Amino acid sequence: MLVIAALVAACGPASAQQITIEPTAASSPVALPDAALVGADGRVTFIRHGVVEEPMAAVLTSSGATAVSYSPTPTGTRLAWHDLRTGTIVHTADLTGSLTVRAVEPAARVVALTGTPSPGRTEVVVAGVDGELFRQTYDHELLPEGFANAWESTTLPIGMFVIDYLDQVHPDSTTPRTYQVRVISLPDGALQLPLNLRNKGETVDEQMTGLARTQVTSERDGLLFTLYRGVNPDASTYAFVHTLGFINGVWCLDVPNALELQRRAGSLTLAPDGTQLFVGSANGTIAEYVVDAILDPARAPVAARTASIGVTGQVAPSMSATSKHVVAALGARITWLNRTSLLPEAVVNWSGDVEAMAAVDDDSVLVAERELVSLVGSDGRTRSQLTVPSDLGAIVQVVPVD
């Protein structure tokens, strides 16, 4: 049985009117939208015209318009650029060596890859649709995160941001690691310090110990937000949002204590217009940041306000945003919050725990649970549904394709 909670807000506190209905399909079923499903193992699977395609190792652009896949060849690695709107491969490039795609420039003009010639050393490669553009090996364990949005030429950005790990990899992948942010100057390969995002006259030479959990990219402002669980020298923990500006700058945002993210799972999402960043916690609390305040040295880059979705869980909420709503799925509950008031406008208690979710429009979301993807309206009706192969494993992200 499906339960819908329609929340009615007057001048006083919001109240919830419980409506119980039988789970029925919409009277006029609609086609399931095309989408990309990102698995916990890093593979990406596409749903196109209601057909589930074979999964592949790939990285999506932040807009979800392009995927760059990588596969082994007898002599190295083949890259393929997939236009997700048409389903066609528009470019391929062959590289030497066994490489893994780590980051894709928002317009997919260039791709960052790495290889590991020996423990503690990293081969960094940058490639475009015409092939290799940069290759150098460093005596560091480096993880590319993104490219500078200024270009040395028509083919190569001036720099690439990397995480430089300063300790040895631990067998337990959940163990926080010590790192610092560095910038590779692509014209000459030099490993440099980044600038302070809010004060371009300062470089940032800071070491941090933490575990990255989730990321979102703002194309409007050229920002990469990463939610971290940090560890202090005394072993106490805290949470922060690492903000990387592709105009060469870094900053760490404090997270309100109410979210308890130093010990709970969390997630991020951005408003479609890039003006708001939302941080969600498994304790059911959401914090909002005004992105313009992060970029303005005259304003305090702190959480503007917090809200509750009224339910707690063991895993991070899956969050998405539209022009009017922030939508959060935690456990089996999906909540539509008004972006202006941050008050709940609709709640759907789904039939099972939601693995991943993404808003399609202001009224409906794509919901992924094991072996099933559904289009669900804020009225609780299932508008379309598709069974997916069980060997896809856990789905951690759903990306609708326009």
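Residues numbered from 1 in each chain as written. Predicted model: local features only at pLDDT ≥ 70, side-chain atom pairs only at ≥ 80, totals over all residues. Heavy atoms only, no water.

J.: Can you lay out the pairing of strand E24 (residues 266-270) for me, pointing to particular residues and giving the numbers?
T.: Along E24, 5 of the 5 residues are buried, which leaves the element largely enclosed by surrounding structure. Burial along E24 is two-sided: the residues Gly266, Leu268 and Leu270 and Ser267 and Thr269 are all buried. Where E24 hands over to strand E25 (residues 276-281), the hairpin turn is made up of 5 residues, of which Gly274 adopts a positive phi near 75°. (Buried < 20%, exposed > 50% of the residue type's maximum accessible area, 1.4 Å probe, protein only. Helix = DSSP H or I, 4+ residues; strand = E, 2+ residues; numbered from the N terminus. Pairing = 2+ DSSP bridges.)

J.: Outline the sheet that holds strand E11 (residues 110-115), listing residues and values.
T.: With antiparallel pairing, 4 strands are arranged side by side in an open sheet as E10-E11-E12-E13. The open sheet has two edge strands with one neighbour each: strand E10 (100-104) and strand E13 (131-138). The mean angle between the axes of side-by-side strands here comes to 25°, regardless of whether they run parallel or antiparallel. Looking at chain direction, E10 and E11 are connected through 4 bridges and run antiparallel. When the sheet's bridge partners are listed, Val101 is paired in E11 with Leu113. (Axes fitted to C-alpha atoms, helices over the stretch in contact; angles between N-to-C directions.)

J.: Quick rundown of the packing of aromatic side chains? Include the residues and the values.
T.: Each aromatic ring pair is described using two quantities: the centre-to-centre distance and the angle formed by the ring planes. If you walk through the whole model with that rule in mind, you get 4 aromatic pairs. Considering the side-chain rings of Phe161 and Phe246, the 6.2 Å spacing of their centres and the 40° angle between planes classify their relative orientation as tilted. In this pair, Phe161 is assigned in strand E15 (residues 159-165) and Phe246 in the loop between strand E22 (237-245) and strand E23 (249-254), connecting sequence segments 85 residues apart. The pair formed by Phe161 and Phe246 is uniform in burial state, with each residue classed as buried. Consider the rings of Tyr179 and Tyr228, whose centres lie 5.2 Å apart with planes at 15°: the pair is stacked. Here Tyr179 is found in strand E16 (residues 177-185), whereas its partner Tyr228 is found in strand E21 (residues 223-231), with 49 residues between them in sequence. Comparing Tyr179 with Tyr228 shows no difference in burial state: the two are buried. The aromatic ring of Tyr165 is capped on one face by Arg177, whose charged end is 4.3 Å from the ring centroid. Sitting above the plane of the Trp251 ring, Arg198 keeps its charged end 5.2 Å from the centroid. (Phe/Tyr/Trp six-rings, centres within 6.5 Å; stacked < 30°, edge-to-face > 60°. Lys NZ or Arg CZ within 6 Å of the ring centre and 35° of its normal.)

J.: Can you lay out the confidence of the model for the chain for me, pointing to particular residues and giving the numbers?
T.: A low pLDDT score tells you not to read the predicted coordinates there in detail. Overall, the predicted model of the chain reaches an average pLDDT of 89, with 93% of residues at or above 70. Overall, residues 1-23 carries pLDDT values under 50, and its contacts beyond four positions in sequence, including any with other chains, amount to 45 contacts. (pLDDT = per-residue confidence, 0-100. Contact = heavy atoms within 4.5 Å.)

J.: A description of the side chain of Arg48 should follow, citing residues and the corresponding values.
T.: Relative to the elements of secondary structure, Arg48 occurs in strand E4 (residues 43-48). Only 2.6 Å separates the side chain of Arg48 from the backbone oxygen of Leu84, close enough to count as a polar contact. If we skip the residues at most four places from it in the chain, Arg48 touches Asp34, Glu53, Leu84, Thr86 and Gly87. (Polar contact = N/O pair within 3.5 Å; in protein donor to acceptor, adjacent residues only side chain to side chain.)

J.: Kindly report on the environment of Ala58, identifying the contributing residues and their values.
T.: Inspection of the secondary structure assignment puts Ala58 in strand E6 (residues 56-60). Setting aside its immediate chain neighbours within four residues, Ala58 contacts Gly42, Val44, Val68, Ser69 and Tyr70.

J.: Would you mind going over the sheet that holds E25 in detail, with residue names and values included?
T.: Strand order in this open sheet of 4 strands is E24-E25-E26-E27, and the pairing throughout is antiparallel. In the strand order of this sheet, the two ends are held by E24 and strand E27 (305-308), each with one partner. Shown here is a sheet whose adjacent strand axes are inclined to one another by a mean of 25°, direction ignored. Summarising the sheet, strand E26 (residues 285-290) and E27 pair through 4 bridges and their orientation is antiparallel. Bridging across to E27, Ala287 finds its partner in Thr306.

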